[in-house]
Amino acid sequence: MTLILNNDDVKQVLTMDVTMEALEKAYTELVEREAVCRPRIDLQVPTPDPEKMYQWGTMEGGSTSGYFAIRIKSDIVYEQEYNGAVTQEKYCVRPGLFCGLILLTSIHNGEPLAILNDGHLQHVRVGADSGIGVKFMAREDAEVVGMIGSGGMARSHMEAFMQVRNIRRVQVYSPTKANREQYAREMTEQFDVEAVPLSDPDAVYKGADIIAGCTDSAVDIIEGSKVEEGTHIVSIGGRPDATTFERVDVSLRLGTAPAPWGLEEFELPDEYITYAARPDDDGGFKMKRKRRRAHGVQGGDKNVMLADLLSGKGAGRTSAAQITYSERGNVQGAQFYSVAGKVYELCRERGLGKEIPTEWLLQDIRD
């Protein structure tokens with residue numbers, strides 16, 4: 001039988017500590033060549049509305065430890081401006097609904113084991129990545145978080161930070177007053193920290209040991225000129241500006257997808273690759289601008305790989321005054337097989353989800 005798992009099922013079993021452990025194991029498997037993944041691939045097709053684009057996205061990975069997973073997304077994407085901020089928006093069918101699914105299979109016999117909604121898992125695994133970055137790169141005494149954004153990712157990031165540092169204060173800015181105030185109330189209740197909503201975005205940086213950009217911004221959101229000494233930076237929505245990378249002393253990258261077998265020259269550090277219908281139509285909206293790379297190795301020659309830290313071949317932060325940065329890289333596919341596999345095991349143990357006959361997904365005609 002194949003399990004169908006919705007976000008409520010996933011939420012019952014997927015904790016931040018479980019997620020971080022699964023991801024660190026997956027990154028080790030990649031280094032040891034026991035796992036494989038590829039960068040995200042997006043296909044874009046113009047819609048009748050020139051301001052909107054249909055986007056199909058996939059990322060996949062698998063390991064000799066037992067699982068393979070592909071995550072698929074079907075979105076209508078567009079940009080909008082709100083309170084001076086330009087954001088990326090998306091929906092499926094209508095605003096407020098989304099289509100993100102994970103198909104988990106067994107590498108032993110190819111069996112489709114589960115189909116999962118990706119929403120809760122997505123938030124937790126991205127927060128966990130940033131938590132791993134903080135674990136290895138932030139000062140040991142880091143206790144103040146400057147949070148830019150107040151949505152789901154901002155919540156999962158705080159949960160991850162609490163796993164690895166003794167956080168006592170979060171100061172949050174987002175353009176909508178009600179949202180940042182609600183976020184502050186929730187953080188106080190959930191983590192017993194001092195949580196302060198800010199109306200001035202510049203105040204986020206003052207006294208912050210960790211700066212986290214957790215927005216759906218389509219433009220740069222972290223201003224390097226305002227970052228204080230000793231800060232660790234993560235950003236998963238909107239980018240740090242050029243000054244930020246000039247000021248960063250050490251940048252941690254969690255992993256890079258391997259090159260296709262026998263074609264080492266095709267290895268790419270890009271987070272995603274885009275194929276587009278009507279690619280030269282400059283009148284329509286594009287999620288990725290022509291001739292721009294999609295988040296390659298952001299730290300440049302200041303970069304150190306997680307594998308090098310774990311093996312002792314490289315060093316992370318070496319002084320309290322350094323400004324550090326961490327990024328996932330382009331190993332999302334490995335994240336989904338590892339985390340979805342753990343979710344599947346835990347849901348099986350607890351009897352969660354709905355079962356459908358696996359035969360519904362099989363056929364007797366060779367494909």
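Everything numeric here is computed off the predicted structure, so don't read it as measured data. (Residues numbered from 1 in each chain as written. Predicted model: local features only at pLDDT ≥ 70, side-chain atom pairs only at ≥ 80, totals over all residues. Heavy atoms only, no water.)

Describing the overall build of the chain
Piece 1. Looking only at helices and strands, the chain has 8 helices and 18 strands in total.
Piece 2. Here the C-alpha radius of gyration of the chain, 20 Å, is about what a compact globule of 367 residues would show, namely 21 Å.
Piece 3. Structurally, the chain occupies a C-alpha span of about 65 × 50 × 45 Å along its principal axes.
Piece 4. Relative to all contacts within the chain whose residues are 6 or more apart in sequence, the contacts with residues 24 or more apart total 69%.
Piece 5. Of the roughly 17,600 Å² of accessible surface on the chain, 50% is carried by carbon and sulfur atoms.
Piece 6. Of the side-chain charges in the chain, 42 are positive and 56 negative, and the distance between the mean point of each set is 2 Å. (Helix = DSSP H or I, 4+ residues; strand = E, 2+ residues; numbered from the N terminus. Rg over C-alpha atoms; globule rule 2.2 N^0.38 Å. Contact = heavy atoms within 4.5 Å. Areas by Shrake-Rupley, 256 points an atom, 1.4 Å probe, with all protein chains shown as cover. Lys, Arg positive; Asp, Glu negative; His and termini not counted. Charge placed at Lys NZ, Arg CZ, Asp CG, Glu CD.)

A closer look at the layout of surface pockets
Piece 1. By volume, the second largest pocket is sized at about 460 Å³.
Piece 2. Lining the second largest pocket we find 21 residues, and of these Leu 30, Arg 33, Thr 256, Ala 257 and Pro 258 sit closest to its centre.
Piece 3. At 3 residues, helix H2 (residues 16-31) tops the list of elements feeding residues into the lining of the second largest pocket.
Piece 4. Class assignment for the residues of the lining of the second largest pocket results in 15 nonpolar, 3 polar and 3 charged. (1 Å grid on protein atoms, 1.4 Å probe; cavity = no way out; pocket = protein on both sides within 12 Å on 5 of 7 lines; lining within 4 Å. Points joined across faces, edges and corners; volume = space filled by probe spheres on them. Nonpolar A, V, L, I, M, F, W, Y, C, P; charged D, E, K, R; others polar.)

Here's the deal with the sheet that holds strand S12 (residues 210-214)
Piece 1. Spatial strand order, S11-S10-S9-S12-S13-S17-S14-S16: 8 strands in an open sheet with parallel pairing. A single partner strand is all that each edge strand has here, and the edge strands are strand S11 (194-198) and strand S16 (303-305). For this sheet, the mean angle separating the axes of adjacent strands, direction not counted, is 20°.
Piece 2. Across the sheet, helix H3 (residues 119-137) is in contact with S12, strand S13 (232-237), strand S14 (250-255) and strand S17 (324-329); its angle to S14 comes to roughly 135°. (Pairing = 2+ DSSP bridges. Axes fitted to C-alpha atoms, helices over the stretch in contact; angles between N-to-C directions.)

As for the packing of aromatic side chains
Piece 1. Applying the stated criterion across every chain, the model contains 3 aromatic pairs.
Piece 2. Seen from their ring centres, Tyr 67 and Tyr 344 are 6.3 Å apart, and the 80° between their planes marks the pair as edge-to-face. Taken together, the residues span a long stretch of sequence, with Tyr 67 in strand S5 (residues 67-82) and Tyr 344 in helix H8 (residues 332-350) at a distance of 277 residues. For the pair Tyr 67 and Tyr 344, one class covers both residues: buried.
Piece 3. Ring plane angle 80° and centroid distance 5.3 Å describe the contact between Phe 245 and Tyr 325, whose orientation is recorded as edge-to-face. Placement of Phe 245 in helix H6 (residues 242-247) and of Tyr 325 in strand S17 is noted, with a sequence separation of 80 residues between them.
Piece 4. Taking the relative accessible area as the measure of exposure, Phe 245 reaches 16% and is therefore buried.
Piece 5. We classify Tyr 325 as buried; its relative accessible area is 1%.
Piece 6. Lys 52 extends its terminal NZ or CZ atom over the ring of Tyr 78, reaching a point 5.2 Å from the ring centre. (Phe/Tyr/Trp six-rings, centres within 6.5 Å; stacked < 30°, edge-to-face > 60°. Buried < 20%, exposed > 50% of the residue type's maximum accessible area, 1.4 Å probe, protein only. Lys NZ or Arg CZ within 6 Å of the ring centre and 35° of its normal.)

Examining the side chain of Gln 55
Piece 1. Structurally, the position occupied by Gln 55 is in strand S4 (residues 53-63).
Piece 2. Using a relative accessible area of 4% as the deciding quantity, one classes Gln 55 as buried.
Piece 3. A distance of 2.7 Å separates a polar atom in the side chain of Gln 55 from a polar atom in the side chain of Gln 44. (Polar contact = N/O pair within 3.5 Å; in protein donor to acceptor, adjacent residues only side chain to side chain.)

Some words on the pattern of salt bridges
Piece 1. Scanning the entire structure with this criterion turns up 19 salt bridges.
Piece 2. The shortest N-O distance in the salt bridge between Glu 24 and Lys 135 comes to 2.9 Å. With Glu 24 in helix H2 and Lys 135 in helix H3, this pair connects stretches of sequence that are 111 residues apart.
Piece 3. On the accessibility criterion, Lys 135 (35% relative accessible area) is partly exposed.
Piece 4. Glu 194 is paired through a salt bridge with Arg 169; the nearest N and O atoms lie 2.9 Å apart. Of the two residues, Glu 194 sits in strand S11 while Arg 169 sits in strand S10 (residues 169-173), which places them 25 residues apart along the sequence. (Salt bridge = Lys/Arg side-chain N within 4 Å of Asp/Glu carboxyl O.)

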